[in-house]
Amino acid sequence: MLYTVQRSARGLMVAAVVAANVAFVLLGASFDYPAVLRYPDAMARFQADAGVIGAEFALLALGAALLAPIAWLVDRRTAWLGILAAAVQVVGLLRWPLVVPHLTDVSTFHTLNLVLGVIVGETLGYLFTAAWTAAIAWRLKGFLKWLGVVSAVMIASGVVPALGLVNFAGYLAWSVWLLVLAFRSSGSGSISDRPSRTSSHERDVDAEGARPGPARAGAPGADRRGGTARVAR
């Protein structure tokens, strides 16, 4: 069934959405993220409360990391896209709690923001997340299909800096899509499961059983017409 995902994936989908969105709200309140990245004193602001802000970035990284097992459980054929999306985002985000607290050079801070933040975490993260979402959504139907495709396009638009708000809205739509996909699922198979095909032996047995056979003498409700048994109605 197209709407079927493993039960274990459902919990991960909910956890990923909750972790990412809660962390983003907390970072906005405590660090003015992501606008703070344009401030000349962004490194000093972070280091002034590195413990709390670093933990919030770790929570955001956890939300991103959960996409890897989700992708694996949902559909192994396209899982590599989700795993790469998770990996590049985790690498980009963990620079905050692991590296930035120990920096003393502002130029190094800005270089890390460019390489690990913009190029790896954001650009590659947007593209791989959008690609995985589109690959899954295109095989769905109706609302889930088009919500997934539209959110994928909006997320990919984040590679253009001027479309930052579109990208943000895309992640909100993506969160809704992931939750709806989880809660509209049923059963315990993967999203790519199809009803199992009947074996050739079973088909032969079924076909043989469905064919009218020779009438047996004394069979109740049967008569001989052209050597074929007919059940009386």
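Scope of this entry: the structure provided in the associated data block. (Residues numbered from 1 in each chain as written. Predicted model: local features only at pLDDT ≥ 70, side-chain atom pairs only at ≥ 80, totals over all residues. Heavy atoms only, no water.)

**Topic: the overall build of the protein**
Next, step 1: Check the secondary structure of the protein and you find 10 helices and 2 strands.
Next, step 2: The contacts of the protein with a sequence gap of at least 6 include a subset with a gap of at least 24, amounting to 69%.
Next, step 3: Surface exposure of the protein reaches about 12,800 Å², of which carbon and sulfur atoms provide 66%. (Helix = DSSP H or I, 4+ residues; strand = E, 2+ residues; numbered from the N terminus. Contact = heavy atoms within 4.5 Å. Areas by Shrake-Rupley, 256 points an atom, 1.4 Å probe, with all protein chains shown as cover.)

**Digging into the packing of helix α1 (residues 7-31) against helix α4 (residues 67-74)**
Next, step 1: Contact geometry for α1 and α4: axes closest at 9 Å, N-to-C directions at 150 degrees. Accordingly, the angle class assigned to the pair α1 and α4 is roughly antiparallel. Two packed elements cross with a definite hand, and for α1 against α4 that hand is left-handed. Contacts between α1 and α4 involve Ser8, Ala9, Leu12, Met13 and Ala16 from the first element and Pro69, Ile70, Leu73 and Val74 from the second.
Next, step 2: Classifying every residue of the contact of α1 with α4 by side-chain character gives 8 nonpolar, 1 polar and no charged. (Axes fitted to C-alpha atoms, helices over the stretch in contact; angles between N-to-C directions. Parallel < 35°, antiparallel > 145°, perpendicular 65-115°, else oblique. Left-handed = near helix turned anticlockwise from the far one by under 90°. Nonpolar A, V, L, I, M, F, W, Y, C, P; charged D, E, K, R; others polar.)

**Side note on the pattern of salt bridges**
Next, step 1: Counted under the stated rule, the structure contains 3 salt bridges.
Next, step 2: Between aspartate 75 and arginine 77 there is a salt bridge, with its nearest N and O atoms 3.5 Å apart.
Next, step 3: Classification of aspartate 75 by relative accessible area gives buried; the value is 2%.
Next, step 4: Here arginine 77 falls in the exposed class, since its relative accessible area comes to 59%.
Next, step 5: Arginine 139 is the salt-bridge partner of aspartate 75, the closest N and O atoms lying 2.6 Å from each other. Here aspartate 75, found in the loop between α4 and α5 (79-93), pairs with arginine 139, found in the loop between α7 (106-137) and α8 (142-156); they are 64 residues apart in sequence, far enough to count as distant. (Salt bridge = Lys/Arg side-chain N within 4 Å of Asp/Glu carboxyl O. Buried < 20%, exposed > 50% of the residue type's maximum accessible area, 1.4 Å probe, protein only.)

**Quick notes on α5**
Next, step 1: For α5, which comprises 15 residues, the first-to-last C-alpha distance of 21 Å matches the rise-based estimate of 21 Å (1.5 Å per residue) to within 8%.
Next, step 2: Restricting attention to buried positions, one finds in α5 the residues Ala79, Leu81, Gly82, Ala85, Ala86, Val88, Gln89, Val90, Gly92 and Leu93.
Next, step 3: Summarising the contacts, the buried residues of α5 are in contact with α3 (50-65), α4, α6 (95-98), α7 and α9 (164-183). (Expected span 1.5 Å × (residues − 1).)

**So, the nonpolar core**
Next, step 1: Formed by 30 residues in total, the largest nonpolar core has its most connected members in Met13, Ile70, Trp132, Trp174, Trp177 and Leu178.
Next, step 2: Every element with two or more residues in this core is listed here: α1, α4, α5, α7, α8 and α9.
Next, step 3: By residue number, the principal contributor to this core is α9, which donates 6 residues.
Next, step 4: Not counting chain neighbours up to four residues away, the residues in contact with tryptophan 177 comprise Trp132, Thr133, Ile136, Ala137, Leu140, Leu144, Leu147 and Gly148.
Next, step 5: Judged by nonpolar contacts, the second largest core, of 20 residues, contains Ala23, Ile53, Ala61 and Val90. (Core = buried A, V, L, I, M, F, W, Y, C linked by side-chain atoms within 4.5 Å.)

**With respect to a nonpolar patch on the surface**
Next, step 1: Judged by side-chain polarity, Leu124, Leu127, Val159, Val160, Leu163 and Val166 come together as a nonpolar surface patch covering roughly 400 Å² of accessible area.
Next, step 2: Overall, the relative accessible area of 33% leaves valine 166 in the partly exposed class. (Patch = residues over 30% accessible without salt bridge, like charges linked within 9 Å, V, L, I, M, F, W, Y side chains within 5 Å.)

**Topic: unusual backbone geometry**
Next, step 1: Here the bond from tyrosine 33 into proline 34 is cis, since omega is 10 degrees, no more than 30 degrees from zero.
Next, step 2: Looking at the element boundaries, proline 34 is found in the loop between α1 and α2 (42-48).
Next, step 3: Backbone geometry places aspartate 32, a non-glycine residue, at a positive phi of 55 degrees.
Next, step 4: Relative to the assigned elements, aspartate 32 resides in the loop between α1 and α2.

**Concerning the packing of aromatic side chains**
Next, step 1: Under the counting rule described, the total for this entry stands at 14 aromatic pairs.
Next, step 2: Put simply, the rings of Phe24, Phe31, Tyr33, Phe46, Phe57, Trp96, Phe109 and Phe168 pair up and form one aromatic cluster.
Next, step 3: Its guanidinium or amino end placed over the ring of tryptophan 138, lysine 145 lies 4.2 Å from that ring's centre, counting from NZ or CZ. (Phe/Tyr/Trp six-rings, centres within 6.5 Å; stacked < 30°, edge-to-face > 60°. Lys NZ or Arg CZ within 6 Å of the ring centre and 35° of its normal.)

**Comments concerning the packing of α1 against α9**
Next, step 1: α9 packs onto α1 with a crossing angle of 155 degrees between their chain directions and a minimal axis gap of 9 Å. Judged by the inter-axis angle, α1 sits roughly antiparallel to α9. In terms of crossing hand, the pair formed by α1 and α9 is left-handed. Residue-level inspection shows Arg10, Met13, Val14, Val17, Asn21 and Phe24 of α1 in contact with α9, the latter providing Phe168, Leu172, Ser175, Leu178, Leu179, Leu181, Ala182 and Phe183.
Next, step 2: Among the residues forming the contact of α1 with α9, the class breakdown is 11 nonpolar, 2 polar and 1 charged.

**Re the side chain of serine 157**
Next, step 1: Tracing the chain through its elements places serine 157 in the loop between α8 and α9.
Next, step 2: A polar contact of 2.5 Å, which involves the side chain of serine 157, links it to the backbone oxygen of methionine 154. (Polar contact = N/O pair within 3.5 Å; in protein donor to acceptor, adjacent residues only side chain to side chain.)

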